[in-house]
Amino acid sequence: MAEEGSSLAVGVPKESFPGEHRVALTPTALPALTKAGLRVVVEAGAGAGAGFVDEAYAQHGATVGSRAEAFGADIVAQIRTFPANPDAGRGDLDQLRPEQILIGLANPLAAPELVAELATKGVTAFAMELVPRITRAQSMDVLSSQANIGGYKAVIRAARLLPKMMPMMTTAAGTIPPAKVFVLGVGVAGLQAIATAKRLGAVVQAFDVRPETAEQVESLGGKFVKVELDTAAAQGTGGYAKEQSEEFLRRQREVLATVIAQSDIVITTAQVPGKKAPLLVTEEMVKGMAPGSVIIDMAAGQGGNVALSQPDQEVVVNGIVIDGPTNLPATVPVHASMTYGKNVTNFLFNMYKKGVLNMNMEDEIVRESMIAKGGEVMNARVRKALGLPDLAPPAPPPGSDAPGEGGS
């Protein structure tokens, strides 16, 4: 860490994951950091993929340097840290050092063994996707900010692939009917997909196993597809849908098959953290759609909601295009980087106040997002996945009379 009396440095390396054009901090995020007394070191070219040139970083107070200099900072901010960048990111492990702070997406529940490997470096690592979805942490929620962008871009991709126009048009040659869009999964990405498709003039329907999302769908001008199923146990924790039994999914698919067959565009968004994505659209359903129809499987990177979909490929089956993008936010890198950078800044300021960095383990945001510290895997869910015992609760601060006192 920085020597006493000197300011802490935040390093921003260039992303090395294939196709990743985002950057963890944009030039516009720097004034707040520098005003708080933090120094920022940006690797040359780190923002180039999103159109943020080195000169812009320098003008906003950053030092532009080498990759080693960025990784030499006290705090390193990335889009994808090593666990979420297992191949190219491995080359950066030797640049990490004990007590250094690492902040970024880490994919910890899907790759717990890599979290254990990262922990051996002694770094204090935070996985931004584990920030709890509580009111106080909304401004730090990278999953929501990036899913919002992904839902928008999914519709834009579908419109590009669809051999029809989206809105209804009345012309001298006759009336062109609007495209029919069906969104499966009404989380942040699904809601933005609904809103975007409506703005483009489509007729939109949506479905989610959580019946309470019907009001959200209808508020955006969509129609909620009602399925008479036992959905009482569908709500999971943190705002996600719970993983369902295969029997539940089988009955659900039977009900949804008719709607899918009548749709021009189907967008699937259903994912369960750390689990394989549920299969929602079977091969039979795909083949029941009309030639020229388009499916965007936003869960292709987690195994896919759609049979026959492949990660980062456009598969054509009987004239139906199945697109499986795995990193839609990176295709809109300007705004994706800006929102991500704001999330990271707010996350950092939750711990860094008045020139002091306090990683208070009594703070739910800090505790739940911390995956490694001092050589240990810290997150309870990651430890469970590794078969490790629960950690002992932290000792009370010196001078306190009871556990839990002394934190702020």
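Anything mentioned here points back to the structure above.
Parameters and conventions
Residues numbered from 1 in each chain as written. Predicted model: local features only at pLDDT ≥ 70, side-chain atom pairs only at ≥ 80, totals over all residues. Heavy atoms only, no water. Phe/Tyr/Trp six-rings, centres within 6.5 Å; stacked < 30°, edge-to-face > 60°. Helix = DSSP H or I, 4+ residues; strand = E, 2+ residues; numbered from the N terminus. Buried < 20%, exposed > 50% of the residue type's maximum accessible area, 1.4 Å probe, protein only. Lys NZ or Arg CZ within 6 Å of the ring centre and 35° of its normal. Patch = residues over 30% accessible without salt bridge, like charges linked within 9 Å, V, L, I, M, F, W, Y side chains within 5 Å. Areas by Shrake-Rupley, 256 points an atom, 1.4 Å probe, with all protein chains shown as cover. Salt bridge = Lys/Arg side-chain N within 4 Å of Asp/Glu carboxyl O. Pairing = 2+ DSSP bridges. Right-handed = clockwise from strand over helix to strand, strands pointing away. Axes fitted to C-alpha atoms, helices over the stretch in contact; angles between N-to-C directions. Parallel < 35°, antiparallel > 145°, perpendicular 65-115°, else oblique. Left-handed = near helix turned anticlockwise from the far one by under 90°. Contact = heavy atoms within 4.5 Å. Nonpolar A, V, L, I, M, F, W, Y, C, P; charged D, E, K, R; others polar. Polar contact = N/O pair within 3.5 Å; in protein donor to acceptor, adjacent residues only side chain to side chain.

### Here's the deal with the packing of aromatic side chains
And step 1. One pass over the full model with this rule turns up 2 aromatic pairs.
And step 2. Measuring from centroid to centroid gives 5.3 Å for F126 and F347, while their planes differ by 70 degrees, and the two rings are edge-to-face. Of the two residues, F126 is situated in strand β6 (residues 124–127) and F347 in helix α10 (residues 333–351); the sequence distance between them amounts to 221 residues. Across the pair, F347 and F126 agree in class, each one buried.
And step 3. Looking at R80, its charged tip hangs above the ring of F17, at a distance of 3.9 Å from the centre.

### Structural notes on a nonpolar patch on the surface
And step 1. A contiguous nonpolar patch, built from M165, M169 and I176 and spanning about 220 Å² of accessible area, is present on the exposed surface.
And step 2. In this structure, I176 sits in strand β8 (residues 174–176).
And step 3. Judged by its relative accessible area of 31%, I176 is partly exposed.

### Comments concerning the pairing of strand β9 (residues 180–184)
When a strand is regular, its side chains alternate between the sheet's two faces.
And step 1. Burial of β9 is extensive: 4 of the 5 residues sit out of reach of the surface.
And step 2. Pairing between β9 and strand β10 (residues 203–207): 5 bridges, direction parallel. Each bridged residue has a counterpart across the sheet, and for V183 the counterpart in β10 is A206.
And step 3. Handedness of the β-α-β unit built from β9, helix α6 (residues 188–199) and β10 comes out right-handed.

### So, the packing of helix α5 (residues 142–161) against α6
And step 1. Close contact between α5 and α6 brings their axes to 7 Å; oriented N to C, the two are set at 40 degrees. Relative to α6, the element α5 lies oblique. Two packed elements cross with a definite hand, and for α5 against α6 that hand is right-handed. Residues S144, A147, N148, G151, Y152, V155 and I156 of α5 form the contact with α6, whose own contacting residues are V188, A189, Q192, A193, T196 and A197.

### Here's the deal with the packing of α5 against α10
What describes two packed helices is the angle between their axes and the distance between those same axes.
And step 1. Contact geometry for α5 and α10: axes closest at 9 Å, N-to-C directions at 170 degrees. It follows that α5 is roughly antiparallel to α10 by the angle criterion. In this structure, the crossing between α5 and α10 has a hand that is right-handed. Of α10, the residues touching α5 (which contributes V142, S145, Q146 and I149) are H335, A336, T339, Y340 and N343.
And step 2. Here the contact of α5 with α10 is built from residues that sort into 4 nonpolar, 5 polar and no charged.

### Overview of the sheet that holds strand β5 (residues 101–105)
And step 1. One open sheet accounts for 8 strands, arranged β3-β2-β1-β4-β5-β6-β18-β19; its pairing is mixed. Of all strands in the sheet, those bounded by a partner on one side alone are β3 (63–65) and β19 (376–377).
And step 2. For β6 and strand β18 (residues 370–373), the ladder comprises 2 bridges, and the chain directions are antiparallel. Residue pairing for β18: A125 is matched across the bridge by A372.

### Topic: the side chain of N379
And step 1. Tracing the backbone through its elements, the reader meets N379 in the loop between β19 and α12 (380–385).
And step 2. Taking the relative accessible area as the measure of exposure, N379 reaches 2% and is therefore buried.
And step 3. A polar contact is formed between the side chain of N379 and the backbone nitrogen of R381, at a distance of 2.9 Å.

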